[in-house]
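Here's the letter readout for the chains.
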Amino acid sequence: EDFSKAHKGLDLCLESAKAHCKTITDFIQIAEILNNLGCLSFMCGKSDDSMKYFTESLDVQQAVLNHSLYTGSILAGHSTSLNISITQANMAFLRMCANDYLTAIVLFEKAMATQQMLLYDAHETLLGTMDHLAAANLFHGNKEKSINMLVRMLRAQLFIFGQEDTRCENTRNKIKMVRLKAATAAPAANLHHKEKEKDSGGVSFEDKNDNDRDGEEKYISSKKENSKSPTAENIDAARYDKEDKEVEEMLKKGEVESSSKAIIQQGESKNEEQKPTQSPKKESAMPASKKAQQQLSKHPKKSWKRFGSSLRKPSKK
């Protein structure tokens, strides 16, 4: 009831605006009234009337835009272009509700092409158009475009709102949903394709006759025989296998030799221990300072440069 009352009030405003229309501003106001009437008609369940209002509003705004090229300002042209894109998006939404997804996609793309030049990336109007365009592509069956559009939305939202924003989380969930739907739809499409081939007289692998299977078996057996025949590929493979075996044998021999040498060395060391040889004299432990002094006394210039100024010069005794 409230929508119907608002619709009647806007009808009166439209009649008054048309009666007193003299300037470009008056035409802009008429276009806005027509656009609002289209929205109210849709809420009242009158989609045909809504499309008529949107179409009339679009015609008026296009006339205003053409006039502003010569007499208007840049800001007037921007605002009119933005209003045109909003009306186009409204028309696209109506076509999407009527399952005319191709027309809806074309209108949404036109609206977005204008809005992305006039609005920043995360503007509410632009994000709404992108969201509806992704939905239209999904319903039309183009899931790749739908995912690409949602990913672009998510990038803009993350840049402006941050990762913890609920709008980013909602877009992430939509991307997951579309990807899941695309993954589950692929096997069903393949099954539908096989059933369609059977209905149209196509032959699947299970429906082949015995002659075809005999031919396949002969082909496989011929392949096996050809693999056994001495072709160039088989000769190279045999040569590579032979070289690999030789390398393995060489490695094994090397491991045996090294282990035998280790055993011999261990035996020699044991024999040496058993012999009554004189034990070598152990060097007496020398403090680190004395060792450093000996090194400095041997090479005073070089050692001084090497050790730096933290050490003292040796005293001459």
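That block above? That's the structure.
Residues numbered from 1 in each chain as written. Predicted model: local features only at pLDDT ≥ 70, side-chain atom pairs only at ≥ 80, totals over all residues. Heavy atoms only, no water.

An ideal rise of 1.5 Å per residue puts 34 Å on 24 residues; helix α4 (residues 74-97) measures up with 35 Å between its terminal C-alpha atoms. For α4, the complete set of buried residues consists of Gly77, Thr80, Ser81, Ile84, Ser85, Thr87, Gln88, Ala89, Met91, Ala92, Leu94 and Met96. Its buried side turned inward, α4 meets α2 (24-43), α3 (47-71), α5 (101-118) and α6 (124-140). Just beyond α4, the residue with positive phi is Asn99, at close to 65°. (Helix = DSSP H or I, 4+ residues; strand = E, 2+ residues; numbered from the N terminus. Expected span 1.5 Å × (residues − 1). Buried < 20%, exposed > 50% of the residue type's maximum accessible area, 1.4 Å probe, protein only. Contact = heavy atoms within 4.5 Å.)

Moving on to unusual backbone geometry. Glycine aside, the phi torsion of most residues is negative, and most peptide linkages are trans. Of note, Asn99 is a non-glycine position whose phi angle comes to about 65°, a positive value. Position of Asn99 relative to the elements: it lies in the loop between α4 and α5. The class of Asn99 is exposed, set by a relative accessible area of 54%.

A full pass over the atoms with the stated rule returns 5 salt bridges. Close ionic contact of Asp100 with Arg95 constitutes a salt bridge, the shortest N to O distance being 3.4 Å. Residue classification places Asp100 among the partly exposed positions, given a relative accessible area of 23%. Accessibility expressed as a relative area gives 28% for Arg95, which makes it partly exposed. A salt bridge links Asp131 to Lys174, with the shortest nitrogen-to-oxygen separation between them at 2.7 Å. Taken together, the positions of Asp131 in helix α6 and Lys174 in helix α8 (residues 166-199) put the pair 43 residues apart, joining distant regions of the chain. A relative accessible area of 24% means that Asp131 is categorised as partly exposed. What makes Lys174 partly exposed here is its relative accessible area of 31%. (Salt bridge = Lys/Arg side-chain N within 4 Å of Asp/Glu carboxyl O.)

Before going further, it helps to spend a moment on the side chain of Ser81. Examined against the element boundaries, Ser81 turns out to sit in helix α4. Within the local environment of Ser81, its side chain forms a polar contact with the backbone oxygen of Gly77, the two atoms lying 2.8 Å apart. Setting aside its immediate chain neighbours within four residues, Ser81 contacts Leu65, Thr114 and Leu118. (Polar contact = N/O pair within 3.5 Å; in protein donor to acceptor, adjacent residues only side chain to side chain.)

Position of Thr114 relative to the elements: it lies in helix α5. The sequence separation of Thr114 and Ile84 amounts to 30 residues, and the corresponding C-alpha distance is 8.8 Å. Residues in contact with Thr114, not counting those within four places in the same chain, are Ser81 and Ser85.

Another aspect to go through is the packing of helix α1 (residues 2-19) against α2. Put simply, α1 and α2 touch, their axes get as near as 10 Å, and they point 160° apart. With respect to their mutual orientation, α1 and α2 come out roughly antiparallel. Regarding α1 and α2, the two cross each other, and that crossing is left-handed. Contacts between α1 and α2 involve Phe3, Ala6, His7, Leu10, Asp11, Cys13, Leu14, Ala17 and Lys18 from the first element and Ile30, Ile33, Leu34, Asn36, Leu37, Leu40, Ser41 and Met43 from the second. Residues that form the contact of α1 with α2 fall into these classes: 12 nonpolar, 3 polar and 2 charged. (Axes fitted to C-alpha atoms, helices over the stretch in contact; angles between N-to-C directions. Parallel < 35°, antiparallel > 145°, perpendicular 65-115°, else oblique. Left-handed = near helix turned anticlockwise from the far one by under 90°. Nonpolar A, V, L, I, M, F, W, Y, C, P; charged D, E, K, R; others polar.)

A few words on the environment of Lys143. Secondary-structure assignment places Lys143 in helix α7 (residues 143-161). Judged by its relative accessible area of 21%, Lys143 falls in the partly exposed class. A sequence separation of 38 residues divides Lys143 from Lys181, and the C-alpha atoms of the two residues are 8.6 Å apart.

Summed over all chains, the structure comprises 2 aromatic pairs. The interplanar angle of 75° and the centroid separation of 5.6 Å between the aromatic rings of Phe42 and Phe93 together place this pair among those described as edge-to-face. Separated by 51 residues along the polypeptide, Phe42 in helix α2 and Phe93 in helix α4 bring together distant segments of the chain. According to the relative accessible area criterion, Phe93 is partly exposed, its value standing at 27%. Sitting over the face of the ring of Phe161, Arg167 holds its NZ or CZ atom 3.6 Å from the ring centroid. (Phe/Tyr/Trp six-rings, centres within 6.5 Å; stacked < 30°, edge-to-face > 60°. Lys NZ or Arg CZ within 6 Å of the ring centre and 35° of its normal.)

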